[in-house]
There are 2 protein chains.
Amino acid sequence: MQVQEPVAPAVALPTSGADPTGEIDRARPADGPQILAIAAGAGVFTPEEVATVRELWEDYLRNGEASYAFRVYREGEKVLGFSCHGRHDLTERTYDLYWIATDPSARRRGVGRALLRRVEEEVRQAGGRLLVVETSGTPAYAPTRAFYRSCGYELEAVVHDFYHAGDDLVIFTKHLGE
Amino acid sequence: MQVQEPVAPAVALPTSGADPTGEIDRARPADGPQILAIAAGAGVFTPEEVATVRELWEDYLRNGEASYAFRVYREGEKVLGFSCHGRHDLTERTYDLYWIATDPSARRRGVGRALLRRVEEEVRQAGGRLLVVETSGTPAYAPTRAFYRSCGYELEAVVHDFYHAGDDLVIFTKHLGE
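This is a predicted model, so every value here is computed, not measured. (Residues numbered from 1 in each chain as written. Chains lettered and ligands numbered in written order. Predicted model: local features only at pLDDT ≥ 70, side-chain atom pairs only at ≥ 80, totals over all residues. Heavy atoms only, no water.)

J.: How should the pairing of strand β7 (residues 167–175) of chain B be read in this particular structure?
T.: The two faces of the sheet receive side chains in turn, since in a regular strand these alternate between them. All names here are of chain B. With eight of nine residues buried, β7 lies mostly within the body of the structure. Inspection of the sheet shows strand β5 (residues 130–136) paired to β7 by seven bridges, in the antiparallel sense. Among the inter-strand pairings, E134 is bridged to a residue of β7, identified as I171. The pairing of strand β6 (residues 154–164) with β7 spans six bridges and is classified as antiparallel. Counted as the bridge partner of A157 is I171 from β7. Between the antiparallel neighbours β6 and β7 lie two residues, among them G166 with a positive phi of about 90 degrees. (Buried < 20%, exposed > 50% of the residue type's maximum accessible area, 1.4 Å probe, protein only. Helix = DSSP H or I, 4+ residues; strand = E, 2+ residues; numbered from the N terminus. Pairing = 2+ DSSP bridges.)

Now the structure itself:
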């Protein structure tokens, strides 16, 4: 990794998670290997997608969170999940959730839900108006789509055959009111 | 501009345009000012959007067209329109049309249509399967949307309030068969 400077402040943020044994935190440079291991072990991401997580992570290490804000769900030194979000250029206060993933060993404990709630809080506090999530329409992503629905996201749009023939882009949105 | 090396080959490509007096060409470094003037003068792009065209153009000058391929419609030394397209990461042969704009003095002469047809030809030749265009749902973009429809694009999806409240993202697609 071409890490030039660890710019991510290792400041703990107050926890809002559903699981009181962990805390949500800005990702620290040392979290990189665990984040990438979670991405690789999630079971749904292709090697090209894992490489993209790595690229965004390296951007975060170099440039801070102007573009890609990484958050982790941490128990002690162990990272159980991570998320990455950022502002969408050329929009007025629309944000993207780029990635969210939980370690398979920590599934069904509310880790992803706590991370997503934290992202929404931060985006709302930053003045964010709309949070957009892109995911896949394949059966492998059915649990992911159910997760977003259960978190209050609406299925807003579908671009058929976007990822490849038979693999649609599915766009969920959530309006972040006051 | 941080131009390190003019990597865009100034090779004329065969013309397929509707207007026999011009030709479509890979953009040359010297075309930059005219391209940016067209973007600024198009009448619908915000200053932030024009700045984004500049960023992509600088990427093209530095890195070639791996990410952003600029094409121009040229009459003599005058650039009458430009386009910019590229592969969409993490997809199988899906391409984005990022920008297309025509000089107001050259409207209704088929410049945009010829550029778009060229982009489609090139994407198809590169193995492209799907071409995706994002635009706005506001009345100011009604001629743009009509243009895409008349070029065979289908309105595939809408993300309401995406750009700002009341300004939807409208996604058009065209499947590029053999």
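Alright, that's what it looks like, and here's the rest.
J.: Teacher, can you tell me more about the interface of chain B and chain A here?
T.: A common way to express how large an interface is: the accessible area buried when the components associate. Taken together, the contact between chain B and chain A spans 26 residues of the former and 26 residues of the latter. Of all residues in chain B, L90(B), E156(B) and F162(B) give up the largest surface area on contact with chain A, accounting jointly for 30% of the area buried on that side. Our count for the chain B to chain A interface comes out at zero salt bridges. In this structure, the connection of chain B to chain A is made through ten residue pairs in polar contact (both at pLDDT 80 or more). Of all elements in the fold, only α2 (47–63), β4 (94–102), β5, β6 and β7 of chain B reach the threshold of two or more residues within the side of chain B that touches chain A. Considering every element that reaches the side of chain B that touches chain A, the biggest residue donor is β6(B), with nine residues. Broken down by class, the residue content of the side of chain B that touches chain A amounts to eleven nonpolar, eight polar and seven charged. (Contact = heavy atoms within 4.5 Å. Buried area = accessible area lost by both parts, 1.4 Å probe. Salt bridge = Lys/Arg side-chain N within 4 Å of Asp/Glu carboxyl O. Polar contact = N/O pair within 3.5 Å; in protein donor to acceptor, adjacent residues only side chain to side chain. Nonpolar A, V, L, I, M, F, W, Y, C, P; charged D, E, K, R; others polar.)

J.: Whenever I open this one, the sheet that holds strand β2 (residues 69–75) of chain B confuses me. Can you help?
T.: All names here are of chain B. Strand order across the open sheet formed by seven strands is β1-β2-β3-β4-β5-β7-β6, with mixed pairing between neighbours. Of all the strands in the sheet, just β1 (23–26) and β6 have a single pairing partner and so form its edges. Taking each pair of neighbouring strands and ignoring which way they run, the sheet shows an average axis angle of 25 degrees. Helix α1 (residues 32–41) rests against β2, β3 (78–87) and β4 of the sheet, and its axis sits at about 85 degrees to β3. (Axes fitted to C-alpha atoms, helices over the stretch in contact; angles between N-to-C directions.)

J.: Before we go on, may I ask you to explain the packing of aromatic side chains in this structure?
T.: Where two aromatic rings form a pair, the distance of their centres and the angle of their planes describe that pair. Residue and element names in this part refer to chain A. Applying the stated criterion to the full structure yields 20 aromatic pairs over all chains. Geometrically, the ring pair formed by Y60 and F70 is tilted, given 5.3 Å between the ring centres and 50 degrees between the ring planes. Of the two residues, Y60 sits in helix α2 (residues 47–63) while F70 sits in strand β2 (residues 69–75), which places them ten residues apart along the sequence. With a relative accessible area of 0%, F70 lands in the buried category. An aromatic cluster is present here, built from W57, Y60, F70 and F82 joined pairwise through their rings. (Phe/Tyr/Trp six-rings, centres within 6.5 Å; stacked < 30°, edge-to-face > 60°.)

J.: I tried to follow the relation of the copies chain B and chain A on my own but got confused; where do I start?
T.: Two copies of one chain are present, and they are related through a rotation about an axis combined with an axial shift. Screw-axis analysis of chain B against chain A gives a translation of 0.0 Å along the axis, an RMSD of 0.0 Å, and a rotation angle of 180 degrees. Here the two chains are linked by the operation of a two-fold rotation axis. Taking the C-alpha atom as reference, chain B places A157(B) closest to the rotation axis, 2.6 Å from it. The residues that chain B uses at the interface reappear at the interface of chain A in 100% of cases, marking a shared surface. (Least-squares fit on C-alpha atoms with pLDDT ≥ 70 in both.)

J.: Can you walk me through the sheet that holds β2(A) in this structure?
T.: Sheet strands pair via backbone hydrogen bonds, and the direction of the pair is either parallel or antiparallel. All names here are of chain A. In spatial order, the strands read β1-β2-β3-β4-β5-β7-β6; together these seven strands make up an open sheet with mixed pairing. The sheet is open, and its two edges are formed by β1 (23–26) and β6 (154–164), each paired on a single side. Direction aside, neighbouring strands of the sheet carry axes that sit 25 degrees apart on average. Pairing geometry for strand β3 (residues 78–87) and strand β4 (residues 94–102), over seven bridges, is antiparallel. Bridge pairing in β4 links H85 to L97. Most of the contacts of α2 go to β2, to which it runs at about 100 degrees, and overall it touches β1, β2, β3 and β4. Lying over the sheet, helix α4 (residues 142–150) contacts β4, β5 (130–136), β6 and β7 (167–175), oriented at roughly 160 degrees with respect to β5.

J.: Hey, could you run me through α4(A) in this one?
T.: Residues three or four positions apart in an α-helix share a direction because the helix packs 3.6 residues into each turn. Residue and element names in this part refer to chain A. Within the span of α4, buried status applies to R145, F147 and Y148. Seen along its axis, α4 keeps its buried residues to an arc of 155 degrees; they face one direction. Where α4 is buried, its residues contact β4, α3 (111–125), β5 and β7. Positive backbone phi, at 90 degrees, marks G152, one or two positions downstream of α4. (Arc of directions from axis to C-beta.)

J.: Is there a simple way to explain the pattern of salt bridges in this structure?
T.: Opposite charge on two side chains lets them pair, provided their charged atoms get close. Residues and elements named next belong to chain B. For the structure on display, the rule yields 16 salt bridges over all chains. Note that D25 is salt-bridged to R28, the shortest N-O span being 3.0 Å. Assessed through its relative accessible area of 0%, D25 is described here as buried. Under the relative-accessibility criterion, R28 is labelled partly exposed at 24%. In this structure, E122 engages R71 in a salt bridge whose closest nitrogen and oxygen atoms are separated by 2.7 Å. Pair noted here: E122 is in helix α3 (residues 111–125) and R71 is in strand β2, with a separation of 51 residues, a long-range link.

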